[in-house]
Amino acid sequence: MRHVSRRTVLAGAALTAGLANGLARPAIAQAAPLKVGMMLPFSGTYAALGENIAAAFELMLAESGGKFGGRPVTLVRLDDESDPAKAPANANRLVERDNVDVLLGTVHSGVVMALVQAAREHEVPLIIPNAGNVAATRELCSPPVFRSSFSNWQPAYGMGRVLAARGVKKAAWVTWDYAAGKESGDGFRDGLRAGGAELTHTLTLPFPETNFQPILAQLGGLGVEVVGAFFAGGGAIQFVKDYAASGLRDKIPLCGSGFLTEGVLKPQGAAANGIQTALHYGDGLDNPKNTAFRAAFKTKTSRDADVYAVHGYDAGQMLAAGLTATKGDATATQALAAGILAATIDSPRGPFKLSASHNPIQTMWLREARDGQNKVIGTAVEALADPGTGCKMAGA
Ligand code: BEZ
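Residues numbered from 1 in each chain as written. Predicted model: local features only at pLDDT ≥ 70, side-chain atom pairs only at ≥ 80, totals over all residues. Heavy atoms only, no water.

Digging into the packing of helix H12 (residues 307-325) against helix H13 (residues 333-342)
For the record, the criterion: Every axis in this analysis is a line fitted to C-alpha atoms, fitted for helices over the stretch in contact. Angles between the N-to-C directions lie between 0 and 180 degrees. By the criteria applied, helices consist of DSSP H or I runs no shorter than four residues and strands consist of E runs no shorter than two, each listed in order from the N terminus. Roughly parallel means an angle under 35 degrees; roughly antiparallel, over 145; roughly perpendicular, 65 to 115; everything else is oblique. For any pair of crossing helices, the crossing counts as left-handed if the nearer helix is rotated counterclockwise from the farther one by less than a right angle, and right-handed if it is rotated clockwise. Here, two residues are considered to be in contact whenever any of their heavy atoms come within 4.5 Å of each other. For this classification, the nonpolar set comprises Ala, Val, Leu, Ile, Met, Phe, Trp, Tyr, Cys and Pro, the charged set comprises Asp, Glu, Lys and Arg, and every other residue, Gly included, is treated as polar.
For the pair H12 and H13, interaxial distance at closest approach is 7 Å and the crossing angle is 125°. By the criterion of interaxial angle, the relationship of H12 to H13 is oblique. Crossing of H12 over H13 shows right-handed handedness. Contacts between H12 and H13 involve Met-318, Ala-321, Gly-322, Leu-323 and Ala-325 from the first element and Ala-335, Leu-336, Gly-339 and Ile-340 from the second. Of the residues assigned to the contact of H12 with H13, the class counts are 7 nonpolar, 2 polar and no charged.

With respect to the site of the ligand
To keep it simple, the criterion reads: Working definition: residue near molecule or strand if any one of its non-hydrogen atoms lies within 4 Å of it. Whenever two N or O atoms come within 3.5 Å, that pair is a polar contact, provided that in protein one can donate a hydrogen and the other can accept it, and provided that, for residues adjacent in sequence, both atoms are side-chain atoms. Domain start and stop positions are those given by an automatic or database domain assignment.
Within the structure, the ligand sits among 15 residues, and Val-107, His-108, Ser-109, Gly-132 and Tyr-178 are positioned closest to it. Within the side chain of Ser-109, a nitrogen or oxygen atom sits 2.7 Å from an oxygen atom of the ligand. In the environment of the ligand, an oxygen atom lies 3.0 Å from a nitrogen or oxygen atom belonging to the backbone of Gly-132. Classifying every residue of the shell around the ligand by side-chain character gives 10 nonpolar, 5 polar and no charged. Each of domain 1 (6-150 + 285-354) and domain 2 (153-279) accounts for three or more of the residues forming the shell around the ligand.

What to know about the side chain of Gln-268
Filter applied, for reference: A 1.4 Å probe rolled over the protein chains alone gives each residue an accessible area, and that area as a share of the maximum for its type sets the label: buried under 20%, exposed over 50%, partly exposed in between.
As for its position among the elements, Gln-268 is in helix H10 (residues 265-268). Classification of Gln-268 by relative accessible area gives buried; the value is 3%.

So, the pattern of salt bridges
We count it as follows: Should a side-chain nitrogen of Lys or Arg be within 4 Å of a carboxyl oxygen of Asp or Glu, the pair is scored as a salt bridge.
Counted according to the given criterion, the structure contains 15 salt bridges. For Lys-86, the salt bridge identified is with Asp-83, shortest N-O distance 3.9 Å. What makes Lys-86 partly exposed here is its relative accessible area of 38%. Residue Arg-367 is joined to Glu-262 by a salt bridge in which the shortest nitrogen-to-oxygen separation is 3.0 Å. Remark: Glu-262 occurs in the loop between strand E10 (254-257) and H10 and Arg-367 occurs in strand E13 (residues 360-370); sequence separation between them is 105 residues. There is no split in this pair, since Arg-367 and Glu-262 are both buried.

Section: the state of the cysteines
What counts, and what does not: Any two cysteine sulfur atoms within 2.5 Å of one another count as a disulfide.
Taken as a whole and judged by the stated rule, the model has 1 disulfide. Paired through a disulfide, Cys-141 and Cys-391 show a sulfur-sulfur distance of 2.1 Å. With the S-S bond torsion at 95°, the cross-link from Cys-141 to Cys-391 turns out right-handed. Highlighted residues: Cys-141 in the loop between strand E5 (126-128) and strand E6 (145-147) and Cys-391 in the segment after strand E14 (373-384), separated in sequence by 250 residues.

Some details on the domain arrangement of the protein chain
The line we're drawing: Buried area: the accessible surface (1.4 Å probe) lost by two parts on joining, summed over both.
Looking at the protein chain, the domain boundaries give domain 1 (6-150 + 285-354) and domain 2 (153-279). Between domain 1 and domain 2, the C-alpha centre-to-centre distance is 31 Å. Contacts between the two partners involve 15 residues from domain 1, matched on the other side by 19 residues from domain 2. In this assembly, domain 1 packs against domain 2 so that about 1,300 Å² is buried in total across both faces, 61% of it on carbon and sulfur atoms. Considering only the side of domain 1, the residues that lose the most area to domain 2 are Thr-45, Tyr-46 and Phe-150, jointly responsible for 38% of the buried surface there. Joining domain 1 to domain 2, the criterion identifies 0 salt bridges. Taken together, the connections running from domain 1 to domain 2 amount to 5 residue pairs in polar contact (both at pLDDT 80 or more). A class-by-class count of the residues in the side of domain 1 that touches domain 2 yields 6 nonpolar, 7 polar and 2 charged.

Observations regarding the nonpolar core
Applied cut-off: Only buried residues count toward a nonpolar core, which is a set of Ala, Val, Leu, Ile, Met, Phe, Trp, Tyr and Cys residues joined through side-chain atoms within 4.5 Å.
Core analysis: the largest hydrophobic core is formed by 106 residues, its most contacted members being Leu-219, Phe-231 and Phe-239. Each of domain 1 (6-150 + 285-354) and domain 2 (153-279) contributes no fewer than three residues to this core. Among residues more than four places away in sequence, those in contact with Leu-219 are Val-174, Leu-203, Val-227, Tyr-243, Leu-248 and Ile-252. Grouped together as the second largest cluster of nonpolar side chains are 22 residues, Met-39, Leu-78, Leu-126 and Ala-131 included.

Brief notes about the packing of aromatic side chains
The condition is simple: Note on ring pairs: Phe, Tyr and Trp rings are taken, using the six-membered ring of Trp, and paired if centres are within 6.5 Å. Classes follow the plane angle, with under 30 degrees stacked, over 60 edge-to-face and the rest tilted. For a lysine, the NZ atom is tested; for an arginine, the CZ atom; a charge sits over a ring if that atom is within 6 Å of the ring centre and within 35 degrees of the ring normal.
Under the defined criterion, the tally for this structure stands at 18 aromatic pairs. Considering the side-chain rings of Tyr-46 and Trp-176, the 6.1 Å spacing of their centres and the 75° angle between planes classify their relative orientation as edge-to-face. With a gap of 130 residues between them, Tyr-46 in the loop between strand E1 (34-40) and helix H3 (47-63) and Trp-176 in strand E7 (residues 170-176) connect regions that are remote in the sequence. For the ring pair Trp-153 and Tyr-157, a centre distance of 4.3 Å and an interplane angle of 20° mean the geometry is stacked. Of this pair, Trp-153 and Tyr-157 both sit in helix H6 (residues 153-165), 4 residues apart, which is roughly one turn of the helix. For Trp-153, a relative accessible area of 9% gives the class buried. Here the guanidinium or amino end of Arg-77 rests over the ring plane of Phe-42, the centre of that ring lying 4.0 Å away.

Looking at the sheet that holds strand E4 (residues 102-104)
Strands belonging to one sheet form pairs held by backbone hydrogen bonds; the direction of such a pair is parallel or antiparallel. Put simply, the rule reads: For two strands to be treated as a pair, DSSP must find no fewer than two bridges joining them.
Spatial ordering of the open sheet is given by E2-E3-E1-E4-E5-E6, a layout of 6 strands whose pairing is mixed. Two strands in the sheet have a free side with no partner beyond their single neighbour: strand E2 (67-68) and E6. Of the pairings in the sheet, the one linking E2 to strand E3 (residues 71-79) comprises 2 bridges and is antiparallel in character. For Phe-68, the partnering residue across the bridge sits in E3 and is Arg-71. Packed on one face of the sheet, H3 meets E1, E2, E3 and E4 and runs near 160° to E1.

Structural data, given as structure tokens:
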């Protein structure tokens, strides 16, 4: 028997009610508020990331008069705690109990898989405002699933390319043992290889542990010229401080995906100075959208914007583009997808379009942390698309 999704049932009911009242379906869709289920970490090591994503999404919504596609938007907030074990129940709660029309989430690459599954099963549009799990836009790509951020592969690939172009021959990768760390390591390896260099060692610890001493004790003896790392949030603060305190910093330069120093420079202090990273955002990107965005975000939150805030803001812009195309009908997933794919997103990172597998095609900047800023000092790779391997959608 064909699987009948909640989406199909709701759409059918709305259509029947609309026709009985002599109304076209778009008019019905516009009358009711649109519920966005915002599943993000508001506690734990990624809490600050979730807060910035949520605040910037709300900012973009407020700039749109509280409406997308003509429909007033209400938000349902859910703290996923970056806990993969709770993720299926949390995602189902949003779709089945709270009856959200759109899913927005999340930060953690393990947790996001439950949202991808819920979006595919129930045909509910999902915008991923951070988690870089490559499967979401490779083998599990699907019409209602979009990403406003990056794939884990992209920033680390950029860093690997830069190192190889400088003549580095051997590097190590240090990270948490979960999808984001592993897939970033794959990108780093591929970037190094593209320039004839080699990833010789990968050292891991379980997420979200921060006892880095056993790993730091090994690094000096590996015979590598550079150490690359993926950590973010609270873990990144600790790793960068511990790396400096171990005395390794002056012997083996530390670099990584930009998350290593993003949004955490204040608590990292002088320990972060000189760390180079690659990311699709950086301080001092000089474009009018970025200037306006940073000022508005600061006014709203009293915090400086970072890449996580940019992801949240652009998730709002993408959703607005899709719902404008469908006149507010979130059940019209094909038309919504066409609307998002046709749009050029005017992002604070610079304008971007999505690939056929629904992941941003974007420039990876080379940045250097110095005195509290991740200053853009060059281009790592221009207009970089995730390879999108395994995606079977038309055109992908
Ligand atoms: C991830 O799990 O995909 C992720 C978490 C924090 C920063 C970047 C990526």
